[in-house]
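For reference, the chains in residue letters:
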Amino acid sequence: MKSIAVLCSGGDSPGMNCAIRSVVRTAIAEGLDAYGIQRGYAGLLEGNVKKMDVSSVGNILQHGGTILQTSRCPEFLNADIRKEAAHILKRKGIDALVVIGGNGSFNGAYELHKEHGIPVVGIPGTIDNDIEGTDYTIGFDTAVQTAIEAVDKIRDTAHSHERTFIVEVMGRKSPDIALYVGLCSGAENIIFPTKDETVNVDAIADDIKRGIKRGKHSSIIIAAEGEVEGMSHRVKEELNTKHGIDSKVCILGHIQRGGNPTANDRFIASQMGYHAVKAIIAGQPASATVQRKGQIFATDLKECLGKKFDVDPEMMEIVKTLSI
Ligand code: F6P
């Protein structure tokens, strides 16, 4: 083992730069050559690989985004394309690959390992916090913090105008951002992502009206963006027209993916980058760094190939109890 390359794949997330810095510096400290692959798997296929040194990752840990950039690369689902990627890695003299991304990116890494024997490590990097096998994915805390700050501002105007706001957060197939933002911003209700277009707007309206009766001046509904585009607008229309509730929609969108990572994201990303390199040096053939019960370590990548979708019923119970 002489050299390690690192890439980011899928949607970017705040803290990816901390992980890159940690991988590069740990590798160099261990006497390995470190390479950065620009633009994810797509960049790998273009041979967009550069040698990194200690200073090429200086002054980056506080910034959002990723200095290596990222991409979604559906072509990587194709075995012939992965064969090409394996050849490129070999030609460039790269012995192992660290992939920072979500579960789709992990699956690509796993296939690359299975088919071509290249040691790989996945570092969970996605704002969605939805990778199986780890309690945490890098970027989630920052995204939630960004959304909460936005909802706090929306509360000001909602209160002044006695309105209901449906605030749409990210997480097309993942409930965690909506759940955490809902609980932390005192939302009256949370709408989770679903393929099903039906949301019980009557029940939401009943909650809002009960709140108004007991003197509330505003209501916040947090809606995960979901797979059905325009859901928030449909809920708003129904609240306005059928229930006479003055409602607005605010879609937070990609601001949740940017910004300086929180302390928690820096703390976890720095540890995960370190453990990723240590796993490769220890000879773990295909692993992922995870956080479980507060501990960060590398485990078998196979445990982390799935996507989580858990809504803790107790959390929902707390959201409902606290918003009476
Ligand atoms: O990276 C995760 C995520 O931000 C999801 O929350 C969201 O549904 C999706 O990516 C948006 O992807 P894109 O930026 O490619 O539209």
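Throughout, residues of each chain are indexed from 1 in the direction in which the sequence is written. Given that the model is predicted, a residue must reach a pLDDT of at least 70 before its local features are reported, and side-chain atom pairs must reach 80 or more before they are shown or counted; all residues, however, enter totals for whole chains, interfaces and linings. Working from all heavy atoms in the structure, the side-chain values ignore hydrogens and water.

Colleague: Explain the pattern of salt bridges to me, please; I cannot follow it from the model alone.
Modeller: Where charged atoms from two side chains of opposite charge approach closely, those side chains can pair. The term salt bridge refers to a side-chain nitrogen of Lys or Arg lying within 4 Å of a carboxyl oxygen of Asp or Glu. If you walk through the whole model with that rule in mind, you get 17 salt bridges. The shortest N-O distance in the salt bridge between Asp246 and Arg163 comes to 3.2 Å. Pair noted here: Asp246 is in the loop between helix H8 (231-241) and strand E9 (247-251) and Arg163 is in the loop between helix H5 (140-161) and strand E6 (164-169), with a separation of 83 residues, a long-range link. Relative accessibility thresholds used throughout: buried, under 20% of the residue-type maximum; exposed, over 50%; partly exposed, between the two (1.4 Å probe, protein chains only). Asp246 sits in the partly exposed class, given a relative accessible area of 37%. With its nearest N and O atoms 2.6 Å apart, the salt bridge here joins Glu303 to Arg292. Note that Glu303 is positioned in the loop between strand E11 (295-300) and helix H10 (313-322) and Arg292 in strand E10 (residues 286-292), a separation of eleven residues in sequence. You can call Arg292 partly exposed: its relative accessible area is 27%. One continuous salt-bridge network, built from bridges that share partners, spans Arg82, Glu111, Lys114 and Glu115. Comment: elements are numbered from the N terminus, with helices defined as DSSP H or I runs of at least four residues and strands as E runs of at least two.

Colleague: In this structure, what is going on with the pairing of strand E4 (residues 96-101)? I would like to understand it.
Modeller: It is a general feature of regular strands that their side chains alternate between the two faces of the sheet. Burial of E4 is extensive: six of the six residues sit out of reach of the surface. Residues Ala96, Val98 and Ile100 of E4 are buried on one face, and the alternating residues Leu97, Val99 and Gly101, pointing to the opposite face, are buried as well. Strands are treated as partners if at least two bridges between them are detected by DSSP. Pairing of strand E1 (residues 3-8) with E4 involves five bridges; the strand directions are parallel. For Cys8, the partnering residue across the bridge sits in E4 and is Ile100. Between the parallel pair E4 and strand E5 (residues 120-124), the chain is carried across by helix H4 (residues 103-116), and the sense of this crossover is right-handed. Look down the strands so they point away from you; if the path from the first strand over the helix to the second goes clockwise, the crossover is right-handed.

Colleague: It is not clear to me how the packing of aromatic side chains should be interpreted in this structure. Could you clarify?
Modeller: Under the pairing criterion, centres of Phe, Tyr and Trp rings, with the six-membered ring standing for Trp, must be within 6.5 Å; the plane angle then separates stacked pairs below 30 degrees from edge-to-face pairs above 60, leaving the rest tilted. Taken as a whole and judged by the stated rule, the model has three aromatic pairs. Where Tyr41 meets Phe76, the ring centres are 3.9 Å apart and the plane angle is 10 degrees; that geometry is what we call stacked. One end of the pair, Tyr41, is in helix H2 (residues 40-45); the other, Phe76, is in the loop between strand E3 (49-52) and helix H3 (79-91), and 35 residues separate them in sequence. Here the two residues Tyr41 and Phe76 agree in accessibility, since each one is buried. Ring pairs connect the aromatic residues Tyr136, Phe140 and Tyr180, which therefore count as one cluster.

Colleague: Can you help me understand the packing of helix H7 (residues 201-213) against H8 in this one?
Modeller: For any two helices packed against each other, the geometry is given by the interaxial angle and the distance between the axes. Between H7 and H8, whose axes approach to 10 Å, the crossing angle comes to 60 degrees. By the angle between their axes, H7 is oblique relative to H8. Considering only the axes of H7 and H8, their crossing is right-handed. The segment H7 lies against H8, with Val201, Asp202, Ile204, Ala205 and Ile208 engaging Val235, Glu238 and Leu239. Helix axes use the C-alpha atoms of the stretch in contact, all axes being lines fitted to C-alpha atoms, and the angles between their N-to-C directions lie in the range 0 to 180 degrees. Here roughly perpendicular refers to angles of 65 to 115 degrees, roughly parallel to angles under 35, roughly antiparallel to angles over 145, and oblique to all remaining angles. Crossing chirality is assigned from the near helix's rotation relative to the far helix, an anticlockwise turn below a right angle marking it left-handed and a clockwise turn marking it right-handed. Whether two residues are in contact is decided by their heavy atoms, any of which lying within 4.5 Å being enough.

Colleague: Whenever I open this one, H4 confuses me. Can you help?
Modeller: Helical geometry note: an α-helix holds 3.6 residues per turn, so side chains three or four residues apart project in the same direction. The span you would expect from a helix comes to 1.5 Å times its residue count less one. The terminal C-alpha atoms of H4, which comprises 14 residues, lie 20 Å apart, in line with the 20 Å expected from a rise of 1.5 Å per residue. Turning to H4, the residues buried within the fold contact H2, H3, E4, E5 and E10. Looking one or two residues beyond H4, the residue adopting positive phi is Gly117, at roughly 70 degrees.

Colleague: It is not clear to me how the environment of Tyr41 should be interpreted in this structure. Could you clarify?
Modeller: What makes Tyr41 buried here is its relative accessible area of 3%. Each C-alpha atom, one on Tyr41 and one on Ser9, is 6.8 Å from the other, the two residues being 32 residues apart in sequence. For Tyr41, the residues in contact, after removing those within four places along its chain, are Leu7, Ser9, Ser71, Cys73, Phe76, Val99, Ser105, Gly108 and Ala109. At 2.8 Å, the side chain of Tyr41 and the backbone oxygen of Ser105 are in polar contact. We call two N or O atoms a polar contact when they sit within 3.5 Å, provided that within protein one can donate a hydrogen and the other can accept it, with sequence-adjacent residues counted only if both atoms are side-chain atoms.

Colleague: What's the story with the site of the ligand in this structure? I'm lost.
Modeller: Close to the ligand lie Gly11, Arg72, Ile127, Asp128, Met170, Gly171, Arg172, Glu225, His254 and Arg257, which account for all nearby residues. At a separation of 2.7 Å, an oxygen atom of the ligand approaches a polar side-chain atom of Asp128. Taking Gly171, its main chain carries an N or O atom lying 3.0 Å from an oxygen atom of the ligand. Using the Shrake-Rupley algorithm and a 1.4 Å probe, accessible areas are obtained, with residue cover drawn only from the displayed protein chains. Taken by itself the ligand offers 390 Å² of open surface, and the protein chains cover 80% of this. The class makeup of the residues in the shell around the ligand is two nonpolar, three polar and five charged. One heavy atom within 4 Å of a molecule or strand makes the whole residue count as near it. Charged residues are taken to be Asp, Glu, Lys and Arg, nonpolar residues to be Ala, Val, Leu, Ile, Met, Phe, Trp, Tyr, Cys and Pro, and polar residues to be all remaining types, Gly included.

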